[in-house]
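Architecture and fold: a report
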Amino acid sequence: KEFKFINDTSGVVNILNNLASINYRKGNYEKALSQYLECLKLDESKNNYSGIASGYNNISNVYSNLNQFNKSIHYAEKATQMYQPLSDKQGLIKGYINLTRNYYLLQNYQQSLAYIDSAEVLALNINDNYNLGKIYNSKGSALNKLKRHKEAYDYFQKSLEFSNQESDPLGY
């Protein structure tokens, strides 16, 4: 309330994002969605393009967990469109991973592979070993569904190698 009182938009967005993240992790998706949408509105009012793109990714994650895959895809596409002119490769990777997951859940494995390939290229370009483990696992899963078992096996092996090397310092 103090941040709202002194009109500290970035402080309010930070706190709301933290609350939304907690609600998301607890499975309170409707509450998280409401908080992420409020953050988005505040970021839009300040033309905070990085915050807007991040908000789209967060909203995409929530919609995916609510099994509203088309809405999730819509927001992930908006995120990737915003990240491109910002040259935010980490953001783009997250957007592509969101798109990969949604198309996979819609059983559109070819489209899922197309997005995971884009994420892989970027992650390799910036040596993002943490996301490479996730990317290789996702790629293995899609290839396995397409009955390309040898390739799937190889990507699962790669994923395992990265998961043994990398850990998330925040424990997520």
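One structure accompanies this document, and this report is about it. (Residues numbered from 1 in each chain as written. Predicted model: local features only at pLDDT ≥ 70, side-chain atom pairs only at ≥ 80, totals over all residues. Heavy atoms only, no water.)

This part is about the overall build of the protein chain. A count of helices and strands for the protein chain gives 9 helices and 0 strands. The N-to-C order of helical and strand elements in the protein chain reads α-α-α-α-α-α-α-α-α. Against the 2.2 N^0.38 benchmark of 16 Å for 172 residues, the protein chain shows a C-alpha radius of gyration of 17 Å, consistent with a compact globule. Expressed as lengths along the three principal axes of its C-alpha atoms, the size of the protein chain is roughly 60 × 30 × 30 Å. (Helix = DSSP H or I, 4+ residues; strand = E, 2+ residues; numbered from the N terminus. Rg over C-alpha atoms; globule rule 2.2 N^0.38 Å.)

We now examine the packing of helix H5 (residues 69-86) against helix H6 (residues 89-105). Taken N-terminus to C-terminus, the directions of H5 and H6 make an angle of 160 degrees; their axes are 9 Å apart at the nearest point. Classified by the angle between their axes, H5 and H6 sit roughly antiparallel to one another. Here the hand of the crossing between H5 and H6 comes out left-handed. Between H5 and H6, the residues in contact are Phe69, Ser72, Ile73, Ala76, Glu77, Thr80, Tyr83 and Gln84 and Gly91, Leu92, Gly95, Tyr96, Asn98, Leu99, Asn102, Tyr103 and Leu105, respectively. Here the contact of H5 with H6 is built from residues that sort into 9 nonpolar, 7 polar and 1 charged. (Axes fitted to C-alpha atoms, helices over the stretch in contact; angles between N-to-C directions. Parallel < 35°, antiparallel > 145°, perpendicular 65-115°, else oblique. Left-handed = near helix turned anticlockwise from the far one by under 90°. Contact = heavy atoms within 4.5 Å. Nonpolar A, V, L, I, M, F, W, Y, C, P; charged D, E, K, R; others polar.)

What follows covers the pattern of salt bridges. Evaluated as defined, the whole model comprises 4 salt bridges. As a salt-bridge pair, lysine 139 and glutamate 120 come within 2.7 Å of each other at their nearest N and O atoms. You can see lysine 139 sitting in helix H8 (residues 129-145) and its partner glutamate 120 sitting in helix H7 (residues 109-125), a full 19 residues away along the chain. Classification of lysine 139 as buried rests on a relative accessible area of 9%. Classification of glutamate 120 by relative accessible area gives buried; the value is 10%. A salt bridge links glutamate 151 to arginine 148, with the shortest nitrogen-to-oxygen separation between them at 2.8 Å. The partly exposed category is assigned to arginine 148, whose relative accessible area is 33%. Within the structure, one salt-bridge network assembled from shared partners comprises Asp117, Glu120 and Lys139. (Salt bridge = Lys/Arg side-chain N within 4 Å of Asp/Glu carboxyl O. Buried < 20%, exposed > 50% of the residue type's maximum accessible area, 1.4 Å probe, protein only.)

Bringing the environment of leucine 16 into the picture now. Relative to the helices and strands, leucine 16 resides in helix H2 (residues 9-25). Its relative accessible area of 10% is what places leucine 16 among the buried residues. On a C-alpha basis, the gap between leucine 16 and glutamate 38 in space is 7.9 Å, while along the polypeptide they are 22 residues apart. Filtering out sequence-adjacent residues up to four positions away, leucine 16 remains in contact with Gln35, Glu38, Cys39 and Leu42.

The next point concerns H2. The periodicity of an α-helix, 3.6 residues per turn, causes residues three or four positions apart to be oriented the same way. When the terminal C-alpha atoms of H2 are compared, their 24 Å separation across 17 residues agrees well with the 24 Å that a helix rising 1.5 Å per residue should span. Where H2 terminates, the next one or two residues include glycine 27, which has phi positive at roughly 85 degrees. (Expected span 1.5 Å × (residues − 1).)

This paragraph deals with the environment of asparagine 144. In this fold, asparagine 144 is placed in helix H8. Given the relative accessible area of 35%, asparagine 144 is considered partly exposed. Between the C-alpha atom of asparagine 144 and that of phenylalanine 156, which follows or precedes it by 12 residues, the distance is 9.8 Å. Contact partners of asparagine 144, with chain neighbours within four places excluded, come to His149, Ala152 and Phe156.

Our next topic: the packing of aromatic side chains. Summed over all chains, the structure comprises 8 aromatic pairs. Judged by centre distance (5.7 Å) and plane angle (10 degrees), the rings of tyrosine 103 and tyrosine 115 are stacked. A residue pair is termed long-range when its members are at least 10 positions apart, and tyrosine 103 in helix H6 and tyrosine 115 in helix H7 qualify at 12 residues. Taking the relative accessible area as the measure of exposure, tyrosine 103 reaches 15% and is therefore buried. Of the aromatic side chains, those joined through ring pairs into one cluster are Tyr56, Tyr63 and Tyr75. Cation over ring: lysine 158 sits above tyrosine 136, and NZ or CZ is 4.9 Å from the ring centre. (Phe/Tyr/Trp six-rings, centres within 6.5 Å; stacked < 30°, edge-to-face > 60°. Lys NZ or Arg CZ within 6 Å of the ring centre and 35° of its normal.)

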